[in-house]
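# Residue-level structure breakdown
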Amino acid sequence: MRQSHLFTGTRREAPKDEVAKNASLLIRAGFIDKLHAGVYSYLSLGLIVFKKIENIIREEVNKVGGQEILMPSLHPKENWLKTGRWDSMTDLYKVADSSGRENALAPTHEETVVPLVKSFVQSYKDLPLSVYQFQNKFRMELRAKSGILRAREFVMKDMYSFHTDENDMHNFYETMADVYRKIFDRVGIGHITYKTYASGGSFSKFSHEFQMVTDAGEDTIYICDECSIAINDEIIEVQKVCPVCGKDKFRKEKAIEVGNIFELKNKFTEPFDFKFKDSDGKDKIIQMGCYGIGLGRVMGAVVEASSDSLGIIWPDSIAPFKLHLIDLSGKKGGEEAKKKAEEIYTKLTEKGVSVLYDDRNSTAGEKFSDSDLIGIPKRIIVSQRGLEEGRLEIKDRKTGEVKMITEKELFEMF
RNA sequence: CGGAGUGUGGUGUAACGGUAGCAUAAAUGCUUUGGGAGCAUUCAGUCCGGGUUCAAAUCCCGGCACUCCGACCA
C-alpha cells in the first residue's frame, strides 16, 4: 500500500483526553479513532491488524472443529426474559422501536445460540458440536476506560460448545484451554499470558481466565513461576497454594483478561429446554461451554506489551505489513533512488509481500518518525547514498539493528 | 452511580473580567531531503443554554461531553 494513499495520517501528539498507552499510540499512528467513550473505529491500518488477529483465532478454533456462523446483535426481549437476564444484567443495552417493542443489543449470545442450535439438534448423534462467531458486543460499562481495553462496543470471538454430558464438555474445555494457549502465543503475548485459576467452575473446582501481565491491567493475579500458571485475586484467600504444584510461592502482578473459558453446564440449555435423545432413548439436557476472546482488547494488550518511546513494535504475526519501504530520494539527483524504490515496491507487491511504501514527499526525519510510530517489523530504506554502494538499508524495528544488503538479498529474504 | 478534574482553530497549548495569541497540521508557491527543514501567503477556534457585568474564554447556575479514582464488569 502506498502511504500517500492512506487517508489517515499520523499525529505528533495524542489527544489530551486519551491517557491509556494503547489508545494513545494507536490513535497517533492512525490505527483507530475514538467516536466517544469506549467506542472506537478501526481504520485502514488498524483493521489489517484486527483481521490478522481474527484469522489466527479462526485458524486455531477451526482446527478443533469450530464452525463459524454470524448471529445478529439485535435480540428479541423474550429470549432474555427466558434466561432472566433481561432484568439481572445491569450492563444490558435495551432499545425500543417506534411501536414500543423492546430489544436487547447483545452483550453476549447465549440467548440466541441456544435456540438456534436447538432447532437443528435432536440426537446424541449430532453431538458434540461447537459454533463460533466474530460479532459486536454491546456492554453498558458504567465506566469505559483504558482505551480499547474496556470498550462499550467491541468485537468478540464467542464460541459455544454443546455436549451430551459433563465429561465430554470438560474434555473440550481443556482442549480450548490449549487452543487459547496457541492463539496467545501466535499473537505474540504468550510469554506473559497466564492461564489463571478463578472461582466458579461448575465441573471442576475452578474456572479459568487468560491474563496478560501489564501495568495497564485491571486485575491482580498471583503467578506461580514454577508452573507458569496464575491464580486470581478472588481466590488467593482460600487457595493458598498453587493448584498444580502445591507450592506457595507467588509473584503478584497486574494483568488484563484477554480470554476466558466457561463451563456453562445447563445454565442456558435449561431455560430453553434444550434436550437431546440419547442412545438409551431418553431425553437428556445438553451440556454447554463458552469461550470468549475480545479482539480489540487483544490488540490493545499487544500494544501495551510491545512499544517503546518512539511508538508501537508489532509482532511479525499481526503487524499491518511485513515491510516498511521508505523512499528517501531527494529531488536533486534522487531520480535514481525514486525509480529504484518504485521498482522494489512493484516487485515486492507482485511477489505478494505485504509492504507499506512511504512514497510521500516528506523529509527523512518525518518518514523515520512515522515509521517508528507505526511499528512495522522491518524497514527498508532506498536512498541515493545507499545506491552509490549498490546497497539498501534494512533496519529491525525491535532491535534497531541495521544491515546493508543488496537488492538480491532483499528478494531472497522476502 | 459516588468522588475529583477538564472543555479555546483538525491537534497541542496561552490569555488579571478589557484586542482570542502561539505551535503544529492543512492549502498555495518557491526551495529542500539520512531523524518531524526554510521563506512567504492563506484557511481555521472559546462545548451548549441561561445569569451577573459597561464588558465573560475567564465569575455564577443548569446541561452535555471527556478523563482519572472508586463501585460495577457472564
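Residues numbered from 1 in each chain as written. Chains lettered and ligands numbered in written order. Predicted model: local features only at pLDDT ≥ 70, side-chain atom pairs only at ≥ 80, totals over all residues.

### Structural notes on the protein's contact with RNA strand B
Taken together, 44 residues are adjacent to RNA strand B, and Asp17, Ala37, Ala364, Gly365 and Ser383 come closest. Of all elements in the fold, only β13 (251–265), α9 (364–374) and α10 (384–388) reach the threshold of two or more residues within the surface near RNA strand B. The element contributing the most residues to the surface near RNA strand B is α9, with eight residues. (Near = placed C-beta within 6 Å. Helix = DSSP H or I, 4+ residues; strand = E, 2+ residues; numbered from the N terminus.)

### Regarding the packing of helix α1 (residues 21–28) against helix α7 (residues 295–305)
Viewed as axis vectors pointing N to C, α1 and α7 meet at an angle of 95 degrees, and their least axial separation amounts to 8 Å. Classed by the angle they form, the pair α1 and α7 counts as roughly perpendicular. Contacts between α1 and α7 involve Lys21, Asn22, Leu25 and Leu26 from the first element and Gly300, Val303 and Glu304 from the second. (Axes fitted to C-alpha atoms, helices over the stretch in contact; angles between N-to-C directions. Parallel < 35°, antiparallel > 145°, perpendicular 65-115°, else oblique. Contact = placed C-beta atoms within 7 Å.)

### Concerning the domain arrangement of chain A
Here chain A is partitioned into domain 1 (3–308) and domain 2 (321–413). Between the C-alpha centres of domain 1 and domain 2 the distance comes to 39 Å. With six residues of domain 1 at the contact, the number on the domain 2 side is eight residues. For the side of domain 1 that touches domain 2, the residue count by class is two nonpolar, three polar and one charged. (Domains from an automatic or database assignment. Nonpolar A, V, L, I, M, F, W, Y, C, P; charged D, E, K, R; others polar.)

### A few points about the packing of helix α2 (residues 44–63) against helix α6 (residues 166–186)
Look at α2 against α6: their axes get within 10 Å of each other, and the N-to-C directions meet at 150 degrees. Here α2 lies roughly antiparallel to α6, going by the angle between them. α6 is crossed by α2, and the crossing has right-handed handedness. Across from Ile56, Ile57, Glu60 and Val61 in α2, the residues of α6 making contact are Val179, Lys182, Ile183 and Arg186. Among the residues making up the contact of α2 with α6, the classes are represented as five nonpolar, no polar and three charged. (Left-handed = near helix turned anticlockwise from the far one by under 90°.)

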